[in-house]
Amino acid sequence: LLATTACASERFAMSAAEVNVNSSLPGPAADIKVTTSDLRSQVGRIQNQVKEIQEVVRMYSSTTGPRRVRRQKMDAMSPEPVDTNPYSRLMALQSMGIVKNFDRVRNFSVALVGIGGVGVGVAEMLTRVGIGKIIVYDFDTIELANMNKMFYRPEQSGWNKTMACRHYCSELNPDTTFEVHNINIAVDESGNKQKFKDTVKSGSTDRKSPVNLIIGCVDNIEARQVMEAVSEEMQIPYLDCVVADDAMSGSVQLIIPGRTGGLEASPIKSHMDKRAGTCPASLPTTDSIIAGIAAQNALKFLLGFGEVAFLISYNAITNDFNTRMTYPLPAKLTPGATPGAPATPGL
């Protein structure tokens, strides 16, 4: 497999070189320049995928490292309190009367946009509790600068974040289904926004209905606004999770179209422009706190237990947590709906 993937990479590189030569021809052949640029981009992506496949093969064929154990899929969540049952401690929530039917978590699907410092934590936690399906969206690749994030590793540099996330989480729990898309939903090239809408619309576990929740963990207002717009159009709840540029504060806001306030109520509305020589601060501690609150809030909302926080803010300097209700703008209030009334799937 290693040899095959290497040969494939060489063939794609040769094809790009041949097209580049032809693009210097006069007349109509000059139009091939556009194709050449596209092909070079495709070759680069394919070469990165080849590296990823080679790394996966190396990891699984290694005889020097610890043996990697993959458990079998389980048809049902068992409450049996034995050491070999990965769901025993989760199902204890049901036997203790905290959650009525915890195993319903398998019926839910979420669209998770952004798997940076907060997103990776949300993805891992929802995977560990056995949620039915996670659709992941991110356009970035892993760099050494990402090593302050939770589960990325140095040898994964150059990988697509979506593939690394799926690889890691599917090993944790093979019962959770993963669907990944390497796109930037804030940039409408190649129909990215429409693809996001289409995959959200058919994102349920059986692909016959929309996802139950959109979760955003991004650091740009454009993508957050796209998610809010899709949430309003499809009447899907949206959980906005964000950390400030100085990593000293963050917030989690549950937006229910027509019933709660939108992004206008968020305490964090702006982000640092991404340019050479500058970068925002990032702490795995702050990221993990916000990720934990987000995953907990998602579970409360989906399974209908406890009190859902519609807006919770965290200040790392003062150790303060503040919660409050948000209310929709008059123009966005659903006719006949009570402002602030939770439309909880679990109730």
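Residues numbered from 1 in each chain as written. Predicted model: local features only at pLDDT ≥ 70, side-chain atom pairs only at ≥ 80, totals over all residues. Heavy atoms only, no water.

Some remarks on the packing of aromatic side chains
The condition that has to hold: When two rings of Phe, Tyr or Trp (its six-membered ring) have centres within 6.5 Å they constitute a pair, described as stacked for plane angles under 30 degrees, edge-to-face for angles over 60, and tilted for the intermediate range. Secondary structure elements are taken from DSSP: a helix is a run of H or I of four residues or more, a strand is a run of E of two residues or more, and numbering for both begins at the N terminus.
For the coordinates displayed, the defined rule picks out 4 aromatic pairs. Measuring from ring centre to ring centre gives 4.3 Å for Phe151 and Tyr168, while their planes differ by 25°; the resulting arrangement is stacked. With a gap of 17 residues between them, Phe151 in the loop between strand E2 (133-137) and helix H5 (161-172) and Tyr168 in helix H5 connect regions that are remote in the sequence. Site record: aromatic cluster; members linked through ring pairs are Phe151, Tyr152 and Tyr168.

Structural notes on helix H4 (residues 117-128)
This is how it is decided: By definition here, a helix of n residues has an expected span of 1.5 Å times n minus one. Using a 1.4 Å probe on the protein chains alone, a residue whose accessible area is under 20% of its type maximum counts as buried, one over 50% counts as exposed, and one in between counts as partly exposed.
Between its terminal C-alpha atoms H4 stretches 17 Å, which fits the 16 Å expected from 12 residues at 1.5 Å a residue. Counting buried positions along H4 gives 10 out of 12 residues, so the element sits mostly inside the fold. Of the residues making up H4, those classed as buried are Gly117, Val118, Gly119, Val120, Gly121, Val122, Ala123, Glu124, Leu126 and Thr127. Downstream of H4 by a residue or two, Gly130 has a phi angle that is positive, lying close to 85°.

Things to note about the sheet that holds strand E5 (residues 238-243)
Cut-off, in case you're wondering: By the convention used here, strands pair only if DSSP detects at least 2 bridges between them. In this analysis an axis means a line fitted to C-alpha atoms, helices contributing only their contacting stretch, and an angle means the value between N-to-C directions, from 0 to 180 degrees.
Ordered in space as E3-E2-E1-E4-E5-E6-E7-E8, the 8 strands form an open sheet in which the pairing is mixed. The open sheet is flanked by strand E3 (177-181) and strand E8 (320-323), the only strands paired with a single partner. Between one strand axis and the next, the sheet turns through 15° on average, direction left out of account. For strand E4 (residues 213-216) and E5, the ladder comprises 3 bridges, and the chain directions are parallel.

Things to note about the pairing of E5
Here is the rule: If the strands point away from the viewer and the path from the first strand over the helix to the second runs clockwise, then the crossover is right-handed.
In terms of residue burial, E5 counts as a mostly covered element, since 6 of its 6 residues are buried. By the alternation rule, side chains of E5 split into Tyr238, Asp240 and Val242 and Leu239, Cys241 and Val243, which are all buried. The β-α-β motif built from E4, the intervening helix H7 (residues 221-234) and the parallel element E5 has right-handed crossover chirality. The sheet contact formed by E5 and strand E6 (residues 249-255) spans 6 bridges and is antiparallel. The residue of E6 that forms the bridge with Val242 is Ser251.

Re the nonpolar core
The criterion, for reference: In these notes, a set of buried Ala, Val, Leu, Ile, Met, Phe, Trp, Tyr and Cys residues joined through side-chain atoms within 4.5 Å is what counts as a nonpolar core. Any pair of residues with heavy atoms lying within 4.5 Å of one another is described as a contacting pair.
Membership of the largest hydrophobic core comes to 56 residues, with the highest contact counts inside it found for Phe102, Val122, Leu126, Leu213, Ile215, Leu239 and Cys241. Beyond its immediate sequence surroundings of up to four residues, Ile215 is in contact with Val110, Ala111, Leu112, Val113, Val122, Leu126, Met227, Leu239, Cys241 and Ala298.

Quick notes on the pattern of salt bridges
Put simply, the test is: A carboxyl oxygen of Asp or Glu within 4 Å of a side-chain nitrogen of Lys or Arg is what we treat as a salt bridge.
In total, this model carries 9 salt bridges according to the counting rule given. Linking Asp140 and Lys161 is a salt bridge whose minimum nitrogen-to-oxygen distance equals 3.6 Å. Highlighted residues: Asp140 in the loop between E2 and H5 and Lys161 in helix H5, separated in sequence by 21 residues. Taking the relative accessible area as the measure of exposure, Asp140 reaches 30% and is therefore partly exposed. Using a relative accessible area of 6% as the deciding quantity, one classes Lys161 as buried.

Regarding the confidence of the model for the chain
The line we're drawing: The quantity known as pLDDT measures the predictor's confidence residue by residue, on a range of 0 to 100.
Across the chain, the average pLDDT comes to 85, with 82% of residues at or above 70. For the stretch residues 1-6, pLDDT sits under 50, and the model shows 9 contacts to residues farther than four places along the chain or on other chains. Here residues 8-25 is modelled with pLDDT under 50, and outside its nearest four sequence neighbours on either side it reaches 22 contacts, counting other chains as well.

What about the side chain of Thr260?
Spelled out, the test is: Polar contact is the term for a pair of N or O atoms within 3.5 Å; when the atoms are in protein, one must be able to donate a hydrogen and the other to accept it, and sequence-neighboring residues count only if both atoms are side-chain atoms.
Tracing the backbone shows Thr260 in the loop between E6 and helix H8 (284-303). Separated by 2.8 Å, the side chain of Thr260 and the backbone nitrogen of Ile256 make a polar contact. The contacts of Thr260, once residues within four sequence positions are left out, are Leu254, Ile255, Phe310, Met325, Thr326, Tyr327 and Pro328.

Side note on the packing of H4 against H8
To keep it simple, the criterion reads: Just so you know how the angles are binned, under 35 degrees is roughly parallel, over 145 roughly antiparallel, 65 to 115 roughly perpendicular, and the rest oblique. Two helices cross in a left-handed way if the nearer one is turned anticlockwise from the farther one by less than a right angle. They cross in a right-handed way if the turn is clockwise.
Where H4 meets H8, the axes come as close as 8 Å, and the angle between the chain directions of the two elements is 45°. Considering their axes alone, H4 and H8 lie oblique with respect to each other. Remark: the crossing between H4 and H8 carries right-handed chirality. Of H8, the residues touching H4 (which contributes Gly117, Val118, Gly121, Val122, Met125 and Leu126) are Asp287, Ser288, Ile290, Ala291, Gly292, Ala294, Ala295 and Leu299.

Considerations on the packing of H4 against H5
For the pair H4 and H5, interaxial distance at closest approach is 9 Å and the crossing angle is 25°. Accordingly, the angle class assigned to the pair H4 and H5 is roughly parallel. In this structure, H4 crosses over H5, and the sense of that crossing is right-handed. Here Ala123, Glu124, Thr127 and Arg128 of H4 come into contact with H5, specifically with Cys165, Tyr168, Cys169 and Leu172.

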